Amino acid sequence: MTKFEVQEYCLCGGWTNTWRHTQDDSEEPVYFTSEEGARLELDIFMQDMTKEVEAGNMVDMPDIDSFRIVEVQDD
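Keep in mind that what you see is a predicted model, and the values were worked out from it rather than measured.

Conventions we followed
- Residues numbered from 1 in each chain as written.
- Predicted model: local features only at pLDDT ≥ 70, side-chain atom pairs only at ≥ 80, totals over all residues.
- Heavy atoms only, no water.
- Helix = DSSP H or I, 4+ residues; strand = E, 2+ residues; numbered from the N terminus.
- Expected span 1.5 Å × (residues − 1).
- Buried < 20%, exposed > 50% of the residue type's maximum accessible area, 1.4 Å probe, protein only.
- Arc of directions from axis to C-beta.
- Contact = heavy atoms within 4.5 Å.
- Pairing = 2+ DSSP bridges.
- pLDDT = per-residue confidence, 0-100.
- Disulfide = S-S within 2.5 Å.

*Asks:* Help me understand helix α1 (residues 35–54), please; the structure alone is not making it clear to me.
*Replies:* In this model, α1 (20 residues) spans 29 Å end to end at C-alpha, consistent with the 28 Å of a helix rising 1.5 Å per residue. Residues of α1 that are buried include every one of A38, L42, M46 and M49, and no others. Angular distribution of buried residues about the axis of α1 spans 70 degrees; they occupy a single face of the element. Exposed and oriented more than 90 degrees from the buried face of α1 are E36, K51 and E54. At its buried positions, α1 is contacted by β1 (2–10) and β5 (67–73). Just past α1, the residue G56 takes up positive phi, approximately 85 degrees.

*Asks:* Looking at this structure, I do not really get the environment of N17. What am I missing?
*Replies:* Checked against the element boundaries, N17 lands in the loop between β2 (14–16) and β3 (20–23). A C-alpha to C-alpha distance of 6.5 Å links N17 and E5, two positions twelve residues apart in sequence. The contacts of N17, once residues within four sequence positions are left out, are E5, V6, Q7, P29, V30 and Y31.

*Asks:* Quick question: what am I supposed to make of the pairing of strand β4 (residues 26–29) here?
*Replies:* It is a general feature of regular strands that their side chains alternate between the two faces of the sheet. In this sheet, β4 lies alongside β3 in antiparallel orientation, the contact comprising four bridges. Residue R20 lies in a different strand from β4, and its bridge partner there is P29.

*Asks:* How should I be thinking about the confidence of the model for the chain in this particular structure?
*Replies:* Low pLDDT marks regions whose predicted coordinates should not be analysed in detail. Taken as a whole, the chain shows an average pLDDT of 93; of its residues, 99% reach a score of 70 or greater. Mean pLDDT across the secondary structure elements of the chain bottoms out at β3, with 87, and peaks at α1, with 96.

*Asks:* How should the environment of I44 be read in this particular structure?
*Replies:* Relative to the helices and strands, I44 is located in helix α1. Considered as a pair, I44 and R68 are 24 residues apart in the sequence and their alpha carbons are 14 Å apart.

*Asks:* Whenever I open this one, the state of the cysteines confuses me. Can you help?
*Replies:* In a disulfide, the sulfur atoms of two cysteines are held together by a covalent bond. Taken as a whole and assessed by the stated rule, the structure comprises zero disulfides. You can see C10 has no disulfide; the closest cysteine sulfur is in C12, sitting 8.5 Å from it. Residue class for C12 comes out exposed when judged on its relative accessible area of 84%.

Here it is in structure tokens:
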């Protein structure tokens, strides 16, 4: 089954799925069933970051080029 993940470029680890979902004290990586769904979540994340910067809660925000959407296969 094909799934998609949002990866962030990390200086020490390269491209990594850093998006996590916490449930029952367990952190699991977030996967999406479509590239469009992953893109929508990334767009919402970037909009939220823009609002936080504009509100003065953050000095700056991540660059969109620090993220990519990748198709991955189930193990």
